[in-house]
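Now for the letters of each chain:
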Amino acid sequence: MVRDVLYKVVAGLGDGNAARSRFDKLLQIAHLMHLWRVFDKKEMKEQTAKVSISLVRYCNELPADMLFMEAGSASKEFGWLNMAFVFWNRYLDLSEAMEDPDSAVIENSDFENTDIPYDFTLPERQYSTEDQREKVRDWILTVSMDNQVDQEISISTCDKCHTNDMYIAGLQCKKCSQAYDPCIVTGYPVKRSTRVQCRSCHKSANR
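Here the structure is a predicted model, which means the values were calculated and not measured.

Visitor: Account for the layout of surface pockets, naming residues and giving values.
Guide: Each pocket or cavity is described by its volume, and for the largest pocket that value is around 700 Å³. What lines the largest pocket is a set of 20 residues, among which D24, L27, Q28, I184 and K203 lie closest to the centre. Listed by contribution, the elements that provide at least two residues to the lining of the largest pocket are α1 (2–13) and α2 (20–41). Ranked by residue count, the leading element in the lining of the largest pocket is α2, at 6 residues. In the lining of the largest pocket, the residues fall into 8 nonpolar, 4 polar and 8 charged.

Visitor: Break down the environment of D181 for me, citing the residues and quoting the values.
Guide: By the element assignment, D181 lies in the loop between β2 (166–167) and β3 (195–197). D181 gets classed as partly exposed once you look at its relative accessible area, which sits at 38%. Between the C-alpha atom of D181 and that of K191, which follows or precedes it by 10 residues, the distance is 8.5 Å. If sequence neighbours within four positions are ignored, D181 has contacts with L171, Y188, P189, V190, R195 and S204. In terms of polar contacts, D181 uses its side chain to reach the side chain of R195, at 3.4 Å.

What counts, and at which threshold
- Position numbers for residues count from 1 along each chain, tracking the sequence in the order it is written.
- With the structure being a predicted model, the display of local features is reserved for residues of pLDDT at least 70 and the display and counting of side-chain atom pairs for 80 or more, all residues being used for whole-chain, interface and lining totals.
- The basis for every side-chain value is the complete set of non-hydrogen atoms in the structure, without hydrogens or water.
- The way it works is a 1 Å grid over only the protein atoms, where trapped points that fit a 1.4 Å probe form a cavity and open points with protein on both sides within 12 Å along at least five of seven lines form a pocket, and then any residue with an atom within 4 Å of a point lines it.
- Grid points are joined across faces, edges and corners, and a volume is the space filled by probe spheres set on the points.
- Put simply, DSSP marks the helices as runs of H or I at least four residues long and the strands as runs of E at least two long, and each gets a number from the N terminus on.
- Under the scheme applied, nonpolar residues are Ala, Val, Leu, Ile, Met, Phe, Trp, Tyr, Cys and Pro; charged residues are Asp, Glu, Lys and Arg; polar residues are all the others, including Gly.
- Only protein chains enter the accessibility calculation, which uses a 1.4 Å probe; a residue is then buried when its area is under 20% of its type maximum, exposed when over 50%, and partly exposed in between.
- Whether two residues are in contact is decided by their heavy atoms, any of which lying within 4.5 Å being enough.
- Side-chain atoms alone can form a polar contact between residues adjacent in sequence; in general such a contact is a pair of N or O atoms within 3.5 Å, and within protein one must be able to donate a hydrogen while the other accepts it.

Have a look at this one:
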């Protein structure tokens, strides 16, 4: 319902309205949240993982600990253990910072070349239970001692500069600043070789 209302608002604002970009962003968030629930319910694990990862870039608008927790869970469920490790590691940092904000120090090297915000307000209440957090800690500890699991985010190649270190879910190449449209199905960047377009709303997607 929220997505439908926002869609009508955006359509009514027109391209020249100053508030259009803000409502466009809120519409994108509502749309991805809706798809996240749909894909999860239908057990479409790859799409669930991609949408949950895309949602992390909106941690200024949504509770950050929830986004990192769910991105880690969906990544692990699909078998992207490296992504699960990075997102859950950040989730634990946030959880500890929420418990003791005055002494919180959050390392950002894992997300330095991404479009995931670093400076955002910490949620006031924990998203997960202590038991759930303990299970995440145990998993992180186990994986950290496994040399066969990469402990960095996945990367892809930029269409423009062909640099092979672009964050796989990022909407902008940090080297050449090439911007990408978000896939209307997953939120991932739409690459040239896989681009298709909806004939109705004209939004882009990866084939």
